[in-house]
Amino acid sequence: MTSTRIFSSTAATCLRKRTLNPRGFCSSAYALSHVGSSPIFIPDNVSLMLDLHNKDEERDMTPLIITGPKGKLKVDIPSFARLDLVDNGKKLEVNVVDSEVKIQRQMWGTLRSLINNQVTGVTEGHIAILQFVGTGYRAELLPSGRQISVKVGQTGTTLFDIPEGVTALSPQPTRLVLEGIDKQAVKQFAANIRKLRPPEPYKGKGVFVNNETIKMKDKKVK
């Protein structure tokens, strides 16, 4: 597989200025998001390569290969995106060809966040901490190391296969730690386990992810 280094070639594009909505109830202007225009800091031990030989012609996407000390990830870059390395390769600026086009304006910040998540993943990794709150609620890592047994108020247990690239650790029966370089894989696996018993607002029982909280409700009185 042949890859090419990204070089700075275009200037930043400004976001389109929006006017007031005459039909809205609020008289203040729209709050514009500047996520897309914020630069991404690239550590010295991370390299970015555009894989032009594996370009998806049907979807008009080019893979961006991000390599770091923890592994390698990729992000599909649409043709309307412009990636510029500045400040001697220490910062990456994400721009679009025409910010007046709706789809380009919508994907600007999303694309920047995806790249930033992958850069963080190959350097620091992503983590999700699950807490099992309720009588008898618990999770157990099976001896194989690739399956998790979860019991949350059911007569039996539910088995979950740990996805590739995700590691699990159970320091306590009511606590499960998921870690991996791909944020989407880690968070999706945590969401799948949480779906088994989402937190409920009357007794406060369920599977909580990270610092999740719920607003308690008064018990229903007949």
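Details of the structure are given in the entry above.
Residues numbered from 1 in each chain as written. Predicted model: local features only at pLDDT ≥ 70, side-chain atom pairs only at ≥ 80, totals over all residues. Heavy atoms only, no water.

The next thing to look at is helix H1 (residues 102-123). Between its terminal C-alpha atoms H1 stretches 33 Å, which fits the 32 Å expected from 22 residues at 1.5 Å a residue. Those residues of H1 lying buried are Gln104, Arg105, Trp108, Gly109, Leu111, Arg112, Ile115, Gln118, Val119, Gly121 and Val122. Packed against the buried residues of H1 are strand S2 (40-41), strand S4 (61-68), strand S5 (71-78), strand S6 (81-86), strand S7 (91-96) and strand S8 (126-133). Two residues or fewer past H1, Gly125 is found with a positive phi of approximately 90 degrees. (Helix = DSSP H or I, 4+ residues; strand = E, 2+ residues; numbered from the N terminus. Expected span 1.5 Å × (residues − 1). Buried < 20%, exposed > 50% of the residue type's maximum accessible area, 1.4 Å probe, protein only. Contact = heavy atoms within 4.5 Å.)

Moving on, we come to the sheet that holds S2. Taking strand neighbours across the sheet as the criterion, the three strands line up as S2-S7-S6 in an open arrangement whose pairing is antiparallel. Every interior strand has two partners, whereas the edge strands, S2 and S6, have only one. Lying over the sheet, H1 contacts S2, S6 and S7, oriented at roughly 160 degrees with respect to S7. (Pairing = 2+ DSSP bridges. Axes fitted to C-alpha atoms, helices over the stretch in contact; angles between N-to-C directions.)

Applying the stated criterion across every chain yields a total of four salt bridges. Among the salt bridges present, the one from Arg59 reaches Asp76, with a minimum N-O distance of 3.4 Å. Of this pair, Arg59 sits in the loop between strand S3 (47-50) and S4 while Asp76 sits in strand S5, and the two are 17 residues apart along the sequence. Of the residues examined, Arg59 reaches a relative accessible area of 45% and is grouped as partly exposed. Since its relative accessible area comes to 27%, Asp76 is described here as partly exposed. (Salt bridge = Lys/Arg side-chain N within 4 Å of Asp/Glu carboxyl O.)

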